[in-house]
Every structure is written in C-alpha cells, then in structure tokens.
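# Per-entry structural report
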Amino acid sequence: MIRYRGKKKVIDKVKELDAFSKVPEEYVDSTPVGGTFSVITFFIIMWLVYSEVSFFLDSNLVFRFMPDTDMDEKLRINIDITVAMPCLNIGADILDSTSQSVFGFGELQEEDTWWELTQEQQVAFDSVKFFNSYLREEYHSIWHLLWKKGHGSVRATVPKRKNKPNRRPDACRLHGVLTLNKVSGNFHITVGKSFHLPRGHIHLNMLFDDTPQNFSHRINRLSFGSPANGIIYPLEGDEKIADDENMLYQYFLEVVPTDIDTTFESIKTFQYSVKELQRPISHSSGSHGVPGVFFKYDMAALKIQVYQERENLLQFMLRLFSIIGGIYVIIGFINTVVLTLRTGLSNTVTTEHSKKKEYQSSPPTPVQKNPLLIAPDLNMPLNLIKQ
C-alpha cells in the first residue's frame, strides 16, 4: 500500500496546534452535580461581568472650576415666552455691552395667540412647572442621578391649540434662537416697537400711553447653549400674573460656561442661576423705570468642566479576569468537595445495602458443637448382651 505524503493545509495545522494539554474524553466523567455547578458558574460570571462593566462606565463625576479663556465663542439663547398683550403693542429687543442690537443676532418670531390655555395645554404646562420646581428644590439630593442617568432637562413643548376662540388674540408668543456675543447683555420686552439708533435704540411707547398694559408672562423655554443631561434651567415653566398695569419684572442671570465630557456625551453648553425682582412703576412714589419684562444676563469668569474619572483600562481588565478566574476556581473546589462527599455517602450506602441483602439471601449456617463437650454413650448394644 502506497502511503500518501501530501502536505496538509495551513488551516488544519492551525486547528491541530494547541498549547494547552487536554484531558482525553474517555477519562472525563460527566455528572449532574458538575453540570449544575457549570450552569451556576456561567450565570455568576455573566452577572459579575455586567456589574463590573457598568461600574467602569458609570464612574465618579468630577466638577472642576477653571478660567474661561475662550473669548471668541458665541452664546446661543433659546427663547419661548408668551406675554398677555397683542404683538402690535409690544416689542422685544436685546442689547449687549458691545452696543449691538437684535438685528445682529437674529430675529424672534412673533405669533398672535390667546393667554388662556386649553385644557390640554394647561396640563402640559403644569407638568413642566411642577417637575422643574421639584428638580430645583431637590437638586442637592438627586444631582448624582441627574448627571449620570440624565433627564435631558425639562423640554416638554406645549401642544398647539386645536380650537381657536371666537375673539381677537390677546397675547403674543415670542420664540426663536439668537446667537449672541459672549458678553453681558439685556434682553427685554416692553411696550412699543424698538427703533434703532447708531448709539442704541428706543421703544415707541408713547403711542400706547392710553393702552392698558398687562405684562403677565409665561416662560416655556429660556436656556443658553445646547440642552445637556443634568442641567436644570430654573426659569422654564415659570409664570407671573400681573396685578398692576405698570409692573416691572426683572431677572438677573449669571451664565456659567460648562464643558461636559462623559462616556456618551461631549458638549459645550451653558447653565445659569437667576435672581428675580418685581415691582410696580410709580413715579410719584419714587419707583422709576419702564414697565416690561427684563432679562439681564452676565457671563461668569470661570467655567465648569464636568468629566468622568475612571480607572485605567488595563487595571479594569486585570480585575475582571481575576474575578472570572477566582469564581472558576472556587466553584471547582466546591464541586470537588460535593462530589467527594457524594461518592463517600454513595459507597457507604451501597456497602450497607449489599451486606444486608447478602445476609437475607444466604441459608442459616448449622451450629458446630465442641466434641469434647459431648457426653459419651455408655449403653451396650443388645446383641452383645445376648451373646
């Protein structure tokens, strides 16, 4: 017979290559106990791996203050405010410390609407108002969850009105996005349209001296930058009802740049704190000013950097493999002990059962008597006596 001396394929060589010695299959004894422990080991290892990976991704958050040196960055403001006056009677404008007007930043859209909300709109706005108020009050105890899980800020939009009343609109909705310089400024809503001059602007409010002024307002959205998880905008969901025709509402905002760099999000945005003041305008009593709604914002000199602090990837992998190896060794030791005890108990029970069975099946052994203890028979045979 001619022997085939052809070369094997490279894949077959790789399959035969094994650096770890294996136990032959004829020496492997599969038992129910070993299978049960194998299943338990698999689930324990999977649970520990999931826990370790979750802990590695969901690490500690670090908040660090540092000087804000990015002076060329733009400041985006998102506005959605409803004022209880027709759009023809009010004007919105913004002026920053560089004396630039709203025409250099963008344009807000004016939409005639009604101050009274429908039932569906009222439910949506009340939910935003309640939820945002709760987050502001309980932020000190839930901030960790907000930053890690993230609620994306309260961004519920008030649905559009389905049924329009049979009367003229009595309110004005101002909404849009403005791109501002990263400096302090003043965004305000007051009576009369604005008229821009080379060194500022004026509002033509003298045309509306006899018109009742109602600066009740509802803030659906007022934020800076892009929305981010963990950031709460305190003025969203706020509502003020004026009890005087000449009310002045002032909001003083401190805008803080915030750089967020986490596992699933990397963004540059802004957050702000607010102080508010409201007072009626009465020149006779010394309370001077212009009725309206004023948002005066100022930029902080420091910015907040938020990032996740986690261990080295190599340390994480070493700890993960050590946990898996440790569980495997411990379960193997427990399996050996259980099998040893099981084998010992099984052998003992088998021996006792075989002895009992052998005793019951064998015939009784006759008792042998000692010949020395047997008395001799001294009687003479009758045939000997007759002779």
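Shown above is the structure to which this text applies.
Heads up: these notes are all about the structure in this document. The model shown is predicted, which means the values in this text are computed figures rather than measured ones. (Residues numbered from 1 in each chain as written. Predicted model: local features only at pLDDT ≥ 70, side-chain atom pairs only at ≥ 80, totals over all residues. Heavy atoms only, no water.)

### Considerations on the pattern of salt bridges
Our working definition: The working definition used for a salt bridge is a side-chain nitrogen of Lys or Arg within 4 Å of a carboxyl oxygen of Asp or Glu. Starting at the N terminus, helices and strands are each numbered in turn, a helix being any DSSP run of H or I of at least four residues and a strand any DSSP run of E of at least two. Between buried and exposed lies partly exposed: a residue is buried under 20% and exposed over 50% of the maximum accessible area for its type, with that area taken using a 1.4 Å probe on protein chains only.
Using the criterion set out here, one finds 11 salt bridges in the structure. A salt bridge links lysine 182 to glutamate 73; the nearest nitrogen and oxygen atoms lie 3.0 Å apart. Of this pair, lysine 182 sits in the loop between β5 (171–181) and β6 (185–191) while glutamate 73 sits in the loop between β1 (60–67) and β2 (74–83), placing them 109 residues apart in sequence. Among the salt bridges present, the one from aspartate 238 reaches lysine 240, with a minimum N-O distance of 2.8 Å. The pair formed by aspartate 238 and lysine 240 is uniform in burial state, with each residue classed as buried. When salt bridges with common partners are traced through the structure, they connect Asp68, Glu73 and Lys182 into a single cluster.

### Details of the sheet that holds β5
Going by this rule: DSSP bridges decide pairing: two strands pair if at least two such bridges lie between them. To obtain an axis, a line is fitted to C-alpha atoms, over the contacting stretch when the element is a helix, and the angle between two such axes runs from 0 to 180 degrees between their N-to-C directions.
Read from one edge to the other, the open sheet built from 5 strands follows the order β4-β5-β2-β9-β10, with strand pairing classed as antiparallel. Each of the sheet's edge strands pairs with one partner strand only, and the pair in question is β4 (109–113) and β10 (238–240). Between one strand axis and the next, the sheet turns by 15° as a mean value, whatever way the strands run. Bridge count for β2 against β5 is 10 bridges, and the pairing is antiparallel. Across the sheet, isoleucine 81 pairs through a bridge with leucine 174, a residue of β5.

### With respect to the packing of aromatic side chains
Here the distance between the centres and the angle between the planes together describe a pair of aromatic rings. Rules: Classification of ring pairs uses Phe, Tyr and Trp, with its six-membered ring standing for Trp, and accepts pairs whose centres are within 6.5 Å; under 30 degrees between planes counts as stacked, over 60 as edge-to-face, and the remaining range as tilted.
In total, this model carries 6 aromatic pairs according to the counting rule given. Arranged with centres 5.7 Å apart and planes meeting at 25°, the rings of phenylalanine 187 and phenylalanine 295 form a pair that is stacked. Taken together, the positions of phenylalanine 187 in strand β6 and phenylalanine 295 in strand β13 (residues 292–299) put the pair 108 residues apart, joining distant regions of the chain. Pair check on accessibility: phenylalanine 187 and phenylalanine 295 agree, each one buried. Note on phenylalanine 224 and tyrosine 297: the rings are 6.0 Å apart at their centroids and 55° apart in plane angle, and the pair reads as tilted. Remark: tyrosine 297 occurs in strand β13 and phenylalanine 224 occurs in strand β9 (residues 217–224); sequence separation between them is 73 residues. Under the relative-accessibility criterion, tyrosine 297 is labelled buried at 3%. Every member of this aromatic cluster is reached through a ring pair, and the members are Phe224, Tyr233, Tyr272 and Tyr297.

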